[in-house]
Amino acid sequence: MALRENGGMHDIQLTERGWALPGIANLHSHAFQRAMAGMAERQGDPNDSFWTWRETMYAMAARFTPELLRAVAAQLYVEMLEAGYTSVCEFHYLHHRPDGGFHDDRAAMSQALIEAARATGIRLTLLPVLYMSGGFDGRALSERQRRFGHSVEDYLRLLEGLRAQENASLNIGCALHSLRAVPEGAVREVLAALPQGSRIHIHIAEQMAEVEDSIAVRGARPVRWLLDHADVDARWTLVHATHLDDGEVRGIAGSGATVAICTTTEGNLGDGLFPLRDYLDAGGRWGVGSDSHISVSPVEELRWLEYGQRLRAQRRNIASSAAMPSVGETLLHGAWQSAAASTGFDVIDEVVLDADAPVLIGATREDVADRWLFAGNRDAVKDVHVAGHHVVINGRHIAHDAALVDYRRAITTLLAG
Ligand SMILES: [Zn+2]
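If you're wondering where the values come from, they're calculated on a predicted model, not measured in any experiment. (Residues numbered from 1 in each chain as written. Predicted model: local features only at pLDDT ≥ 70, side-chain atom pairs only at ≥ 80, totals over all residues. Heavy atoms only, no water.)

Visitor: Account for the packing of aromatic side chains, naming residues and giving values.
Guide: Summed over the entire model, instances satisfying the criterion amount to nine aromatic pairs. Between Phe 32 and Phe 64, the aromatic rings sit 5.7 Å apart at their centres with planes inclined by 70 degrees, giving edge-to-face as the arrangement. With Phe 32 in the loop between β5 (24-29) and α1 (50-61) and Phe 64 in the loop between α1 and α2 (66-83), this residue pair connects regions lying 32 residues apart in the sequence. Judged by relative accessible area, Phe 64 falls into the buried class, the value being 1%. Consider the rings of Tyr 307 and Phe 374, whose centres lie 5.7 Å apart with planes at 45 degrees: the pair is tilted. With Tyr 307 in helix α11 (residues 298-313) and Phe 374 in helix α13 (residues 368-374), this residue pair connects regions lying 67 residues apart in the sequence. Residue Phe 374 is classed as buried on the basis of its relative accessible area, which comes to 18%. Its end group placed over the ring of Phe 345, Arg 123 keeps NZ or CZ at 5.9 Å from the ring centre. (Phe/Tyr/Trp six-rings, centres within 6.5 Å; stacked < 30°, edge-to-face > 60°. Helix = DSSP H or I, 4+ residues; strand = E, 2+ residues; numbered from the N terminus. Buried < 20%, exposed > 50% of the residue type's maximum accessible area, 1.4 Å probe, protein only. Lys NZ or Arg CZ within 6 Å of the ring centre and 35° of its normal.)

Visitor: Explain α1 residue by residue, including any values.
Guide: The first and last C-alpha atoms of α1 sit 16 Å apart over twelve residues, in line with the 16 Å expected at 1.5 Å per residue. Buried within α1 are the following residues: Phe 50, Trp 53, Arg 54, Met 57, Tyr 58, Met 60 and Ala 61. The buried side chains of α1 occupy one side of the element, clustering within an arc of 160 degrees when seen end-on. (Expected span 1.5 Å × (residues − 1). Arc of directions from axis to C-beta.)

Visitor: Give a detailed account of the pattern of salt bridges, specifying residues and quantitative values.
Guide: Under the definition given, this model contains 23 salt bridges. Arg 123 is paired through a salt bridge with Asp 349; the nearest N and O atoms lie 2.7 Å apart. Of this pair, Arg 123 sits in strand β7 (residues 123-130) while Asp 349 sits in the loop between α12 (327-343) and β14 (350-353), placing them 226 residues apart in sequence. As far as the burial class goes, Arg 123 and Asp 349 line up, both buried. In this structure, Lys 382 engages Asp 383 in a salt bridge whose closest nitrogen and oxygen atoms are separated by 3.8 Å. Each member of the salt-bridge network shares a partner with another, and the members are Arg 106, Glu 153, Asp 154 and Arg 157. (Salt bridge = Lys/Arg side-chain N within 4 Å of Asp/Glu carboxyl O.)

Visitor: An account of the pairing of β5 is needed here, citing residue identities and associated values.
Guide: Taken across its six residues, β5 has six buried, putting it largely inside the fold. Of the strand pairs in this sheet, β5 and strand β6 (residues 85-92) are connected by four bridges, and their pairing is parallel. The residue bridging Asn 26 from the neighbouring strand is Val 88, located in β6. (Pairing = 2+ DSSP bridges.)

Visitor: Quick rundown of the coordination of the zinc ion? Include the residues and the values.
Guide: Where a metal carries four tetrahedral donors, each ideal angle is 109.5 degrees; where it carries six octahedral donors, the ideal angles are 90 or 180 degrees. Donor atoms from the polypeptide that coordinate the zinc ion comprise His 28 (NE2), His 30 (NE2) and His 203 (NE2), at 2.0 to 2.2 Å from the metal. Written as a sequence motif, the donor arrangement for the zinc ion is H-x1-H-x172-H. One end of the pair, His 30, is in the loop between β5 and α1; the other, His 203, is in strand β10 (residues 200-204), with 173 residues separating them in the sequence. Taken as a pair, His 30 and His 203 share a single burial class, namely buried. (Donors = N, O, S within 2.8 Å, 3.2 Å for Na, K, Ca; no water.)

Structure follows, in structure tokens:
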């Protein structure tokens, strides 16, 4: 199953240490949301939806300081590495103080994420988010959204300051929160000011209400509008892109952009199902993200990506082809092939699966990917190496205990309100 791309090898091989394979890139993360995972699963309103969940999320967001964010992000990154993610795209909009004022160091919250990544060894593509309005009609940010906001000028200054810290494990990209939160003129202005090759991520078409508002105000579905008004190409990652018509499926695939599918979060929020089979047929590029961190596991993201399609189509083995009949291989190759374009890191880090894990006993190169992704719930990740550092040893991150101590303290503070 070897495929050579970008000078690296995407393959699974049996070594004396176990089954070695490239790590998985996590294309979409809001680190602070790890602290509320599992806390919005009680009915508040018979019509609970993404929009009522968002209120719970805003209440939690309001309590975060840079110190708390650093502790929550470090715990999250430990969990990601232990699960086999070796890089993460952090879609970061929690910029300011709860009252909307700047921190003394305006980049303090970004800095907290950078420090958490450095302390745990995960590669970080930090995507500071531009968030300007509360809806497609350009209305001002609500009180709860004010701490997410920037003018274009302040935003570009933030990016420039952060770029000075870029290194082999830190890439600074750009995120537009969504078309509802960034007016047309600002989209143009920011895109024109970005350095060449800068990665651009955007939330898009996650909810039907967003599609309807876009049609009402901009006269087009959100993905259609973006394809028609921006040079969408391989630098772009479209997050969710759940609600697509056939033309949009072909349009994204033809552009070379990546779709970041956040299976477990989309399931948790009741967003809808990404049209995976049509998108694969169109040759589209895609990867996965853990987004709200209701689950921190590439196994679960990929497994449920396939299961959602099976439930809808009422048949089996959707992500597969005559050339690559294994669903597990097809899913892993999809995630591997989009990683460099979406994260900006053209490197391969290594994950080693325990060849003696019960689900992998007797595995062969032909079935090891399927067994890892589809069988059982005990993670087989044994060792993880990122940028030459051995960060997970025998299933445990080297900072596992220290991160947990800080996390426990942070959650106690957050829950005390
Ligand atoms: Zn998101």
